[in-house]
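# Coordinate analysis (summary)
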Amino acid sequence: MCRKALPRYSACIVGCLVFAVAFLGRNLPLLKAQESSETPASKVERKNKAPLSREVLQVKLPKPVEAKLQNGLTVLILEDHRTPSVFVQLHISGAGSVFEPPSMAGLANVTARMLREGTKSRTSVEIAEEIDRLGATLGAAGSFGSSQVVLSASGLSDNFDSWFGLAMDVLLHPSFPRDELEKLKQRQRAQLRQQRSAANFLLHERFNRSVYGDHPAAIVSPTVESVDALTQEALVKWYRERYAPQNALLAIAGDVRAQELIPGLEKWFAGWQPNDVKRTWPPNPVAAASRKVYLVDRPNSVQTTVALGNIAIERRSPDYIPMVVMNHILGGGVSGRVFLNLREEKGYTYGVYSDFSALRYPGPWRAG
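Source: prediction; values computed, not measured. (Residues numbered from 1 in each chain as written. Predicted model: local features only at pLDDT ≥ 70, side-chain atom pairs only at ≥ 80, totals over all residues. Heavy atoms only, no water.)

Looking at the element boundaries, leucine 151 is found in strand E5 (residues 148-156). For the pair leucine 151 and alanine 112, spaced 39 residues apart in the sequence, the C-alpha separation amounts to 7.8 Å. Setting aside anything within four residues of it in sequence, one finds leucine 151 in contact with Val88, Gln89, Leu90, Leu115, Leu138, Gly139, Ala140 and Leu171. (Helix = DSSP H or I, 4+ residues; strand = E, 2+ residues; numbered from the N terminus. Contact = heavy atoms within 4.5 Å.)

Okay, here's the thing in structure tokens:
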């Protein structure tokens, strides 16, 4: 039966092929016309006129409620009752790595991270378990090159008093236990060995040293010596001198009532009193006046990581917004001109981007 049926199937296949050829022959000019009318995305001509959306122009940004507590702490509260959640950030200016002693690189970040490793009434394990039980988040850190440390917390509005009270205990009553500090220092030593094998880290380290010079932002990582120099006494001293409410800003957004919350904040922060700490800012970095090339030898590397740039502007510069737009167009993402040139016009499989940093002091613009 299979052999007898084969001629019928063959005739069917031949018929389909004849139909397909006839269809393509009739419509081929139309298909070619459609293909020729399509323009590659990278070749689209821009008319220097942005599309207008009246809905976008009608956006009204919410305005937070601002208050200043008796201890000098500035508070910003943005009510948002769409979801039963609250987000909190406390920025403490003057406690960041920019003000660290040169021999103790990493002091600001370690002090911030040690806040949740123990208080006068809770151990690190108890703090972690309570955070999990409440379904909250809590952490603190201070990045290199920053003038501040940031404590962040979030959770549900239903148990806001519980997890926010825990955050206040961590902030106001840290104990900086020696055993937890030693554990953190051991982890940092291991991280130092690991990061020195990464090309991106070596590039970042060399680039910052080149553009910042003697400015504290030139330091992007602690050293083994600076980690060894960190002691409980050094952390306590830094905390007492640098964690001052008059230099801090508390931002709260979510399902809260500002008029009801502010009196409660006065009670929570009553024990945090201002001090006479003075923030002495280092001189601003100066842009390089001549071209220089720095090479970092990384044996057995199969490719090269490249970066170029120079000191640009600070955050308060009138050129900040134009700089943001320029950087986005040039190399701010996969739609940036340098990326399209590399990928679409050249056909290379690598990536190239650009970014810039504008803080309290001028930071660099960099492409790489």
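Here the narrative resumes.
A word on the confidence of the model for the chain. The share of residues in the chain with pLDDT of 70 or more is 87%, and the mean pLDDT across the chain is 88. Ranking the helices and strands of the chain by mean pLDDT puts strand E6 (residues 248-254) first, with 98, and helix H1 (residues 2-37) last, with 46. Below a pLDDT of 50 lies the segment residues 1-24, which in the model reaches 1 contact outside its immediate sequence neighbourhood of four places, other chains included. (pLDDT = per-residue confidence, 0-100.)

Scanning the entire structure with this criterion turns up 12 salt bridges. For glutamate 180, the salt bridge identified is with lysine 183, shortest N-O distance 3.8 Å. Residue glutamate 180 and its partner lysine 183 are both found in helix H6 (residues 178-195); the two are separated by 3 residues, about one turn of the helix. Residue classification places glutamate 180 among the buried positions, given a relative accessible area of 13%. The partly exposed category is assigned to lysine 183, whose relative accessible area is 40%. Of the charged contacts, one joins glutamate 314 and arginine 316 as a salt bridge, the two residues approaching to 3.1 Å between their closest N and O atoms. (Salt bridge = Lys/Arg side-chain N within 4 Å of Asp/Glu carboxyl O. Buried < 20%, exposed > 50% of the residue type's maximum accessible area, 1.4 Å probe, protein only.)

A few words on the packing of helix H4 (residues 124-134) against helix H5 (residues 160-172). For any two helices packed against each other, the geometry comes down to the angle between their axes and how far apart the axes lie. With their axes 10 Å apart at the nearest point, H4 and H5 run at an angle of 160° to one another. Taken together, the axes of H4 and H5 lie roughly antiparallel to each other. In this structure, the crossing between H4 and H5 has a hand that is left-handed. Listed contacts from H5 to Ile127, Glu130, Ile131 and Leu134 of H4 are Ser162, Trp163, Leu166 and Val170. (Axes fitted to C-alpha atoms, helices over the stretch in contact; angles between N-to-C directions. Parallel < 35°, antiparallel > 145°, perpendicular 65-115°, else oblique. Left-handed = near helix turned anticlockwise from the far one by under 90°.)

Let us look at the side chain of lysine 185. Mapped onto the secondary structure, lysine 185 falls in helix H6. Engagement of the side chain of lysine 185 in a polar contact is seen with the backbone oxygen of leucine 230, the distance being 2.9 Å. (Polar contact = N/O pair within 3.5 Å; in protein donor to acceptor, adjacent residues only side chain to side chain.)

This part is about the nonpolar core. Generally speaking, soluble globular proteins have nonpolar side chains that are buried together. Counting 63 residues, the largest nonpolar core has Leu171, Tyr243, Leu265, Phe269 and Trp272 as the members making the most contacts within it. Considering each element in turn, this core owes the most residues, 9 residues, to H5. Each residue touching tryptophan 272, except ones within four places of it in the same chain, is listed here: Asn71, Leu73, Leu90, Ile92, Leu171, Leu172, Tyr243, Ala244, Pro245 and Ala248. (Core = buried A, V, L, I, M, F, W, Y, C linked by side-chain atoms within 4.5 Å.)

Let's shift gears to the packing of H5 against helix H10 (residues 258-268). Taken N-terminus to C-terminus, the directions of H5 and H10 make an angle of 35°; their axes are 11 Å apart at the nearest point. The element H5 and its partner H10 pack so that their crossing is right-handed. Seen from H5, the contacting residues are Phe160, Asp161, Phe164, Gly165, Met168 and Leu172; seen from H10, they are Leu261, Leu265 and Trp268. A class-by-class count of the residues in the contact of H5 with H10 yields 7 nonpolar, 1 polar and 1 charged. (Nonpolar A, V, L, I, M, F, W, Y, C, P; charged D, E, K, R; others polar.)

Attention now moves to the sheet that holds strand E7 (residues 308-311). Taking strand neighbours across the sheet as the criterion, the 3 strands line up as E7-E9-E8 in an open arrangement whose pairing is antiparallel. Strands at the two margins of the open sheet, each flanked by one partner only, are E7 and strand E8 (354-358). The mean angle between the axes of side-by-side strands here comes to 10°, regardless of whether they run parallel or antiparallel. Taken together, the 4 bridges between E7 and strand E9 (residues 362-367) define a ladder with antiparallel strand orientation. Its bridge partner being in E9, asparagine 310 is matched across the sheet by tryptophan 365. Each of E7 and E9 is contacted by helix H7 (residues 199-212), which is oriented at about 130° to E9, the strand it contacts most. (Pairing = 2+ DSSP bridges.)

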